[in-house]
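Here's the letter readout for the chains.
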Amino acid sequence: MSTEMHLGRVIGGKLYTTETAEVMVETRMSYSNMDKGHPLILYRTRKGNFFLVEYRAYVDTGEPSPGEFTVLTLEEARAWVEKWANEKYERVFGLPEEA
């Protein structure tokens, strides 16, 4: 599911780039039963900030292209992983506190 394409965006005066960030979670998002889904990848920068890249395919070539690029707070990243990749929570954030 990974892509060789490196992406970067300046948001709030800071550069978020897939070239130096670590892939934390890769999953697929589907908007309908007919859709095979498209990759969503959660990254963590070297400074510990999170961002999410939603890849789409170009209609004419089928090649991946970035659709959405979203910066997440730590709390938003935790909530996203809990909802969409719960089985990877411990790997991303460590062992959670027992209830």
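This is a predicted model, so every value here is computed, not measured.

Calculation notes
Residues numbered from 1 in each chain as written. Predicted model: local features only at pLDDT ≥ 70, side-chain atom pairs only at ≥ 80, totals over all residues. Heavy atoms only, no water. 1 Å grid on protein atoms, 1.4 Å probe; cavity = no way out; pocket = protein on both sides within 12 Å on 5 of 7 lines; lining within 4 Å. Points joined across faces, edges and corners; volume = space filled by probe spheres on them. Nonpolar A, V, L, I, M, F, W, Y, C, P; charged D, E, K, R; others polar. Salt bridge = Lys/Arg side-chain N within 4 Å of Asp/Glu carboxyl O. Helix = DSSP H or I, 4+ residues; strand = E, 2+ residues; numbered from the N terminus. Buried < 20%, exposed > 50% of the residue type's maximum accessible area, 1.4 Å probe, protein only. Contact = heavy atoms within 4.5 Å.

A. Focus on the layout of surface pockets. Space inside the largest pocket adds up to approximately 190 Å³. If you go around the largest pocket, the residues you meet are Lys14, Leu15, Tyr16, Thr17, Thr20, Thr45, Arg46, Lys47 and Asn49. Here the residues of the lining of the largest pocket sort into two nonpolar, four polar and three charged.

B. The pattern of salt bridges, seen in detail. Counted under the stated rule, the structure contains one salt bridge. As a salt-bridge pair, Glu22 and Arg44 come within 3.8 Å of each other at their nearest N and O atoms. Of this pair, Glu22 sits in strand β3 (residues 22-29) while Arg44 sits in strand β4 (residues 38-44), and the two are 22 residues apart along the sequence. Residue classification places Glu22 among the partly exposed positions, given a relative accessible area of 41%.

C. Expanded view of the side chain of Thr45. Locating Thr45 in the fold gives a position in the loop between β4 and β5 (50-57). Among residues more than four places away in sequence, those in contact with Thr45 are Tyr16, Ala21 and Phe51.

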